Amino acid sequence: MSLAAFLLACGVGAVLGLIARPPAPVGRVAGVVGLLFAFVAALFIGPTTSLAIGDVTLAGSEYSGLFLACAAGSGLLLGVVALASGWPDEFAPSALAFFLGLAVATTATNPGVALAAAAAAATAGALVIVRATPRSPEADGRLAEFRTVGLAVAGLLFAAITVLRPAWTGESDVPVFVLAFVCLGLALAVRSGAVPFHVPAARLHLSAAPLAPALLLVWIPAGLGLLTVSWSATTFGIRSDWLAIAVALLQAVAVATLVLGALAALVHDELEEIVAYSIVADAGFVLLALAARSDAAAEPVRLWLLVFIVAKAGLVAWTTAVSRVFGTSNVARLRGWLRRAPLLGLALAAIAIGTFGWPGSAVYEARATLIRLALPGQLQLLLVVSIVLSLAYYGRLLVMGALPPTDEIVAGRSERPDRAAYPSVPNTTPSLTPDPAPAAEPLPELGVSGKLAVAWRLSRTLEMSLVVAIAAALALALAFGSLGASNASRFGIPLDTAAHATPTPPPIPSAAVSTPTPKPTLAPHPTGGATSSASPSRSAGPSGSPTPIKTSAPGRPNTD
Amino acid sequence: MIQLAVVASVAALLGGLVAVTARDSRLVVLGLLVAMVAAPLASSPAPSVLTIAFRVLGALLAAYLLWVAARDRSISSEGSGIGAAAEMAVAAAVFSVGWFAVPVKPLPGPLAAQAAGISLAVLAVVPLAGRNILRAGAGLAILAIGASLLFDAWVGPPSALQQVVLMALLVGVLGSTSLLISPIEEPAANLEPPAPAPAGMSAEIERGEATVPTVAAVVAAAAGEPDEDIGPKPDRKPAASVAQMPAAEAGETDRASRARERAKARAKARAAARLAAPEVSPTTAAMAPPTAPQEKAAGAATDAAPADSAVLPTARTSARRPGRSVRDGAPVRPLPLTTADDAALGDETASRPVTPAPSQSRRLRPREPRGPRGPRP
């Protein structure tokens, strides 16, 4: 029932929001109410939730419910910020359309349905590109967005065929799996803006609607990552030279993304670019989880994805709020912002802590585990490097905010409601006649709705700050394993169960495998510790299945 | 007897071939529609009637979305990147390979679906590598159709929910394409930061009650900000419009550019013909009783024209409507000029003497741009 309610809220909200464009009150109401209903419905999705559609069952789980709740909840918070800062018509419909597809993808028990639904959901990102006016001709990101969508769709469809394991007639299935791995990795890397595919992501503030990074760089990559990692250990845990090369390439992309993304966030001056690069850098951990090809990476990446969704959406909301309040997004011109908006500063600090935690916290251990599993020993230092770089750009923003404010910042609004402005409203209201001393008019009587509107408008800065602070607090709680995050991360989505139901294909005795002295590779050796993960079926890692048996794909008819 | 799956597979392939080779966007849409409708029929056994109906409805919706965007915006496909003959040869060759190759054995689905699926996947490569969004969208839709055919052939008939999801995918792909090929209608004038009018001014001007602030104006003034939710950012550079962008970057093809040039030339010729037509004296025109539609048009032109706008001095016979010319003794009223006419007239009208004639005025200023909304923050 809760799953059906979630799907209904997302579908109706998306359709109404699309129909009501351009700006109409019903569009805003439909968007915010749809996100609210979706959030509430997602809170009730659990292991007992199921919805049968034809011969396919959509089954909920603790993690899928929490994942959807985090996504819808962060979308709701962003929607409230958008109400106060400027409502982009496309944001809520596209987010709801994506959540609709994401719900089907994360609850479907059929891999074909799940991956095709994810492909369909990925097309929703085009909505936030299309109606945005590019601020310069070279910033028209429509073709880049379409190519990204195409790559994601092609990769997911090909993977959907591959993971269902048709009865290939070739001597080896390995080339097919290598191709599927490359397709999935490439789709995930391009969609998340990983280096060297980062240029469209960095230009999103020029080519896309406001708040678009939350959808294009946070929610969609997180959803794709969740689905992709489900198959990482079971499907791609095979030994092959070609696969080792592909994994090494993915590792290189992930390392470059982690380091260069954080460096780029440090050297750029526009808040939107800093946030985009920050999101891109942290998305590198999802690539690492895919490269790990181990069951042990499933639990930490699930926890990381929860934190990633809420913290990065909160960061996007923070950027929107700061830009709106002070009228600029240039860091140099934002000197002293912290003195005028201390709540926003507190929220930024909480987001930073929630993103990388400290030793012993759940999110810190998750990041450390992903690096340990995915990278060889020489690169374990990357965890420290990424934290230091992240601290540097977060610290730069906070230090700039603590400096003496510029005149522009002093003249800007603060978080304190300007209640003194209300009694003098008639005097400050301009008239058509250029009379230097206009006569005071009697203040119009305001009803309850008028007073609420006045209160809303007088306190916009405070409202946005509070919403961002709520998002930061949620991210902090998730980062320390609260709100059921740690427990839910131990269980996957139904796709994990489906993936473990199809055992690892037999290692093909290729020339590389039969060589007595295998060549060194960056790919991690599967360890027995993989069984420590609490994945739904608790299957062993790639080396834990001595005589794997190739089975028919689930649901495939027997035509012999 | 020819099986339905074979016919459907071949139809899907032909539809895809038309979609990737056609220059007219309507043909592209038609080809995609045929491919989308035929693809679910290629399953063996055939899906239920309800499933087929759902896929057909989805195909119609997807095709409609693309057709709506492409029908009146002079957006045409460049056609095949390698030539129609080459596309057909490639399709035939790959179809043959798919027909005789056996990558999966036993094959759970029809062989024709495999051949058509591989062929469609190969056909989609060239459009996807191009820079034209319409062709790339058609290529991506064809790729999705090909993947669904391969799914039918290699994995077996998809479930009902998977059919629904595939339909949603096609609607999403073509809906995205239709939105992305739509030109952006916000001109540069609309995107520049507005004059620093004080809060509440616009509301008062519109109502004509400058001394009585509205509730909205009071609220906006109390907040110290304009009533617009979406305001400009001070440090933003003025945005550029699509009109200032190179045609290729605006998603426009060379063919569309040529079509636009031709339309401009036609408009200029029409305007020149109007100027060269015999003039009607104001007295003659005033004596003739106007018809109701003409009266309405003249009134609308008067209302729309600003007080200081330049107007043409005399009424002229429309060269496009000889039946209504003065030679036939019919009343003549000036036709309102279109924006294209205004642009085509250029300096010719600027050099003509102008006299105020509010009742028969023609706007020479470009029309107000129809921007859907103000600038974004």
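Residues numbered from 1 in each chain as written. Chains lettered and ligands numbered in written order. Predicted model: local features only at pLDDT ≥ 70, side-chain atom pairs only at ≥ 80, totals over all residues.

1. Quick notes on the overall build of chain B
- In terms of helices and strands, chain B carries 16 helices and 2 strands.
- Every one of the 377 residues in chain B was classed for burial, and the buried ones make up 43%.
- Contacts in chain B between residues far apart in sequence, at least 24 positions, make up 78% of those at least 6 positions apart. (Helix = DSSP H or I, 4+ residues; strand = E, 2+ residues; numbered from the N terminus. Buried ≥ 20, exposed ≤ 12 C-beta atoms within 10 Å, placed from the backbone. Contact = placed C-beta atoms within 7 Å.)

2. Focus on the overall build of chain A
- Broken down by element type, chain A carries 26 helices and 2 strands.
- Going through the 560 residues of chain A one by one, you find that 61% of them count as buried.
- For chain A, the share of sequence-separated contacts (at least 6 apart) that also reach a separation of at least 24 residues comes to 83%.

3. Regarding the nonpolar core
- Counting 280 residues, the largest nonpolar core has A:Ala38, A:Phe99, A:Val153, A:Leu370, A:Ala475 and B:Leu170 as the members making the most contacts within it.
- At 20 residues, helix α15 (residues 298-326) of chain A tops the list of elements feeding residues into this core.
- Setting aside anything within four residues of it in sequence, one finds A:Phe99 in contact with A:Cys10, A:Ala38, A:Leu68, A:Ala71 and A:Ala72. (Core = buried A, V, L, I, M, F, W, Y, C linked by C-beta atoms within 7 Å.)

4. Observations regarding the packing of helix α14 (residues 271-292) of chain A against helix α18 (residues 362-374) of chain A
All names here are of chain A.
- The interhelical angle for the contact between α14 and α18, taken along N-to-C directions, is 45°, at an axis separation of 8 Å. As judged from the angle between their axes, α14 and α18 are oblique. Like other packed secondary-structure pairs, α14 and α18 cross with a definite hand, here left-handed. Between α14 and α18, the contacting residues are Phe285, Leu288, Ala289, Ala291 and Ala292 on the first element and Arg367, Leu370, Ile371, Leu373 and Ala374 on the second.
- Of the residues contributing to the contact of α14 with α18, the split by class is 9 nonpolar, no polar and 1 charged. (Axes fitted to C-alpha atoms, helices over the stretch in contact; angles between N-to-C directions. Parallel < 35°, antiparallel > 145°, perpendicular 65-115°, else oblique. Left-handed = near helix turned anticlockwise from the far one by under 90°. Nonpolar A, V, L, I, M, F, W, Y, C, P; charged D, E, K, R; others polar.)

5. Details of unusual backbone geometry
Residues and elements named next belong to chain A.
- Val195 connects to Pro196 through a cis peptide bond whose omega is 15°.
- For Pro196, the position within the fold is in the loop between α8 (174-191) and α9 (199-202).
- Positive phi is not limited to glycine here, since Leu211 has a value of about 70°.
- Structurally, Leu211 is set in the loop between α10 (204-207) and α11 (212-230).
- A tally of 28 C-beta atoms within 10 Å means that Leu211 is categorised as buried.

6. Topic: the confidence of the model for chain B
Residue and element names in this part refer to chain B.
- Residues at a pLDDT of 70 or more form 49% of chain B, whose mean pLDDT is 66.
- Across residues 185-215, confidence stays below pLDDT 50; counting only partners more than four residues off in sequence or on other chains, it has 68 contacts.
- Confidence drops under pLDDT 50 across residues 278-377; counting only partners more than four residues distant or on other chains, this segment forms 134 contacts. (pLDDT = per-residue confidence, 0-100.)

7. A closer look at the pairing of strand β1 (residues 50-53) of chain A
All names here are of chain A.
- Two elements, β1 and strand β2 (residues 56-59), share 4 bridges in a ladder whose sense is antiparallel. Its bridge partner lying in β2, Ala52 is registered against Thr57.
- Here β1 hands over to β2 after 2 residues, with Gly54 in that stretch at a positive phi of 65°. (Pairing = 2+ DSSP bridges.)

8. Observations regarding helix α4 (residues 91-107) of chain A
- With 17 residues, α4(A) ought to run about 24 Å at 1.5 Å a step, and its terminal C-alpha atoms sit 24 Å apart, in line with that.
- With 17 of 17 residues buried, α4(A) lies mostly within the body of the structure. (Expected span 1.5 Å × (residues − 1).)

9. A short note on the environment of A:Leu186
Residues and elements named next belong to chain A.
- Its location among the elements puts Leu186 in helix α8.
- A count of 20 C-beta atoms within 10 Å places Leu186 in the buried class.
- Between the C-alpha atom of Leu186 and that of Ala246, which follows or precedes it by 60 residues, the distance is 10 Å.
- Contact partners of Leu186, with chain neighbours within four places excluded, come to Leu151 and Gly155.

10. So, the environment of A:Val253
All names here are of chain A.
- For Val253, the location among the structural elements is in helix α13 (residues 241-267).
- Linking Val253 and Leu287, residues 34 residues apart in sequence, is a C-alpha distance of 8.1 Å.
- Sequence-distant contacts of Val253, that is, excluding residues within four places in its chain, are made with Ala189, Ala194, Val195 and Leu287.

11. Here's the deal with the packing of α15(A) against helix α17 (residues 342-356) of chain A
Residues and elements named next belong to chain A.
- It is the contact of α15 with α17, at a shortest axis distance of 10 Å, that shows an interaxial angle of 155°. One finds that α15 runs roughly antiparallel with respect to α17. For the crossing formed where α15 meets α17, the hand is left-handed. Together, Val307, Ala311, Gly314, Leu315, Trp318, Ala321 and Val322 of α15 and Leu344, Ala347, Leu348, Ile351, Gly354 and Thr355 of α17 make up the contact between the two elements.
- Residues that form the contact of α15 with α17 fall into these classes: 10 nonpolar, 3 polar and no charged.

12. Notes on the confidence of the model for chain A
Residue and element names in this part refer to chain A.
- Counting all residues, the mean pLDDT for chain A is 80, and 82% of those residues have values of 70 or more.
- Residue range residues 423-435 is modelled with pLDDT below 50. Its contacts to residues more than four positions away, or to other chains, number 26 contacts.
- With pLDDT under 50 throughout, residues 507-560 is counted as low confidence; its partners more than four residues away or in other chains account for 102 contacts.

13. A few points about α18(A)
- Taking 1.5 Å per residue, 13 residues should reach 18 Å; α18(A) reaches 18 Å between its end C-alpha atoms and fits that length.
- Three or more residues of α18(A) are buried, namely A:Ala362, A:Val363, A:Ala366, A:Arg367, A:Thr369, A:Leu370, A:Ile371, A:Leu373 and A:Ala374.

14. Thoughts on the environment of B:Leu174
Residue and element names in this part refer to chain B.
- The residue Leu174 is located in helix α8 (residues 160-181) in this model.
- Residue classification places Leu174 among the buried residues on the basis of 30 C-beta atoms within 10 Å.
- Residues Leu174 and Pro45, 129 residues apart in the sequence, show an inter-C-alpha distance of 28 Å.
- Once you skip the residues sitting within four places of it in the chain, Leu174 turns out to touch Ala62, Leu65, Leu66, Gly137 and Ala141.

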